[in-house]
Amino acid sequence: MNDFAAVGDFDDMTDGRNPLFLFSTMKKITAILLALAAFVGVNVHAQKFTGLALTPPMGWNSWNKFAGNINEQLIRETADAMATNGMRDAGYIYIVVDDCWEAMNRDKLGNIVADPKKFPSGMKALGDYLHAKGFKFGIHNCAGTKTCAGFPGGRGHEFQDALTYASWGVDFLKYDWCEHGTANAEETYKTMRDGLATAGRPIVFSLCEWGDNKPWLWATNVGHLWRTTGDIYNCFDCIFDHGSWKDFGVLQILDKQDGLREFAGPGHWNDPDMLEVGNGMPVNEERAHFSMWCMLAAPLIAGNDMKTMSAETREILTNPEAIAVNQDKLGVQGFKYSAKDGVETWFKPLTDGDWAMCVLNRNKEAKKISFDWKNKNVTDSFAKRDANFSTTTYSLRDLWAKKEIGTTKETLAAEIPGHDALMLRLKNSSAVSATPESRQIIRIKAGVDTPFTDAEGNVWQADHGFVGGDTEHRDVNLPIANTKNPALYRTERYGMTAFSLPLANGKYTVKLRFAETYEELNTPGTRVFTYNVAGHEFKDFDVFVKSGGLAHAYVESVNVDITGGKLDITFTANVENPVINGIEIIPLP
């Protein structure tokens, strides 16, 4: 299929959904949808899609390593590598094709099209391939008349391009700021936001405006993340001056984040640019770079060669404990607590009363540090959190050494190599196991944004706690076998990679509710995935087989012992995306 042949699939193609509309050209789609919007009174100046990027997006982008040397083979091979090397399972689900994918000119109808030599199968086919691998499809274009590499930009084609991207199954749009002339940044990006809203497909909108017009002041309702600086450079402490513009090293970009933390949070993130981990810096500098991006609650967008990366690079990028700091549901950007002699101490409040701490050594030589907890007052007025070291004891875990190193009862003493970082998680040791009587049953219904009361009078909380994926609503009258609560199984979340919920320590029964309701997946083996509930693995789980057929309810129960203050569940796609309808957490004696 040619890229300009419009297939109007505005649902998530990761679940293999069939196209809803078929029009001959994108101009016809534009006219029809705008007419429909006017007919039903839809405000064309809509808000961005909510419920997306509730934690900083994680993925891979082609630019830092490959620049314009891209093609569909490279992107597919990258997806293949990430599906097997631990990157996808660590949470890197967006694969973003950056500049130079386009043909040099639009087609006769004004549609943006892919370079037929680089992407002979077209972008729709590429998106389908990524979705089938369990990834989300990202693409790049520009708010100006041309992209930074001279290809067609989106200026004047925003609504038309949004419909094209939706028809391709795009999930993430990085929108650059080259060749913008005298355009107003806020209004220009709002136009593309409105185009995406009109197209109707939930797409994460990434504003690559370089911070020139302070997007943190106006972009919360426009996009899901915005660049705060110019481009990053593969260097820890340097500036690459091009004359009319500059690239910045890790430390230079870090310094430019001062004063911005109050603007970041779930669904709206400061973006200090992509990662350079794996592109040539020494491992100590890469470790410090990654540590600080985690502390900043920055998007984690890798930019190295996935096919050839070293074990050391993979160890950094997939460190689950460092990633957990970045992806913490509290969604608070860290702050610099102190700086002396080139050594900075940073803190980041986390859920469950925990904290992350990072000591960054900006010097080339090693530095010894001593931190006497009882004499330190660590307070975050923005997040309304106080560490209270004088009254609260925290256990200390070194996230890179992956071991416990003591508590806050003793002074922290360490030597940090040059251009490196010590990263700790401070676990609130005051948390104790609660009695079953003091713990309430927790019920979460996937796919809804308001509480739900089932046929037995039980109240289910709205969808929350999931990492990634999307939601789907089935027909309100769809019959579901094997249950007294069919409505519970008529909404779902699919494509998620994890679920995490703060939970008092103790024993629980966790009930996971499933039903295969997508009529195209109506035979054994058409949806198979693996999930892990607090260390209990359910491998090669087939919803259709377990439930006994299409639209049949199935409940999986597992007893768990929570000791770390939260329940963690991971999901890994084998064939098609994981899907779930609800989670019930019942305290045990």
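Please refer to the structure higher up on the page.
Since the model is a prediction, treat every value here as computed from it, not as a measurement.

## Describing the pattern of salt bridges
Thinking step 1. Applying the stated rule across the entire model yields 30 salt bridges.
Thinking step 2. A salt bridge links Lys174 to Asp98, with the nearest nitrogen and oxygen atoms 2.8 Å apart. Separated by 76 residues along the polypeptide, Lys174 in strand β6 (residues 172–176) and Asp98 in the loop between β4 (94–97) and α5 (123–132) bring together distant segments of the chain. Considered together, Lys174 and Asp98 belong to a single accessibility category, that of buried residues.
Thinking step 3. The partner of Arg201 in a salt bridge is Asp171, with the nearest N and O atoms 2.7 Å apart. Of this pair, Arg201 sits in the loop between α7 (185–199) and β7 (204–207) while Asp171 sits in the loop between α6 (158–168) and β6, and the two are 30 residues apart along the sequence.

## With respect to the packing of aromatic side chains
Thinking step 1. Tallying each qualifying case throughout the model produces 29 aromatic pairs.
Thinking step 2. With 5.5 Å between their ring centres and 35° between their planes, Trp177 and Tyr189 make a pair best called tilted. On the criterion of sequence distance, the pair formed by Trp177 in the loop between β6 and α7 and Tyr189 in helix α7 is long-range, its members being twelve residues apart.
Thinking step 3. Trp177 gets classed as buried once you look at its relative accessible area, which sits at 2%.

## A word on α6
Thinking step 1. For α6, the tally of buried residues reaches ten of eleven residues, placing the bulk of the element in the interior.
Thinking step 2. When α6 is considered as a whole, its buried residues turn out to be Glu158, Gln160, Asp161, Ala162, Leu163, Thr164, Tyr165, Ala166, Ser167 and Trp168.
Thinking step 3. Gly169, located one to two residues past α6, shows a positive phi value of around 85°.

Parameters at a glance
- Per chain, residue numbering runs from 1 following the sequence as it is written.
- Local features are withheld for residues below a pLDDT of 70 in this predicted model, meaning they are given only at 70 or higher, and side-chain atom pairs are given and counted only at 80 or more; totals for whole chains, interfaces and linings count all residues.
- Side-chain measures were taken over the full set of non-hydrogen atoms in the model, leaving aside hydrogen atoms and water.
- In the sections that follow, a salt bridge refers to a side-chain nitrogen of Lys or Arg positioned within 4 Å of a carboxyl oxygen of Asp or Glu.
- A run of DSSP states H or I qualifies as a helix once it reaches four residues; a run of E qualifies as a strand once it reaches two. Both are numbered from the N-terminal end.
- When accessible area is computed with a 1.4 Å probe and restricted to protein chains, residues below 20% of their type maximum are described as buried, those above 50% as exposed, and intermediate ones as partly exposed.
- The pairing test for Phe, Tyr and Trp rings, Trp by its six-membered ring, is centres within 6.5 Å, and the orientation test on the planes gives stacked under 30 degrees, edge-to-face over 60, and tilted for anything in between.

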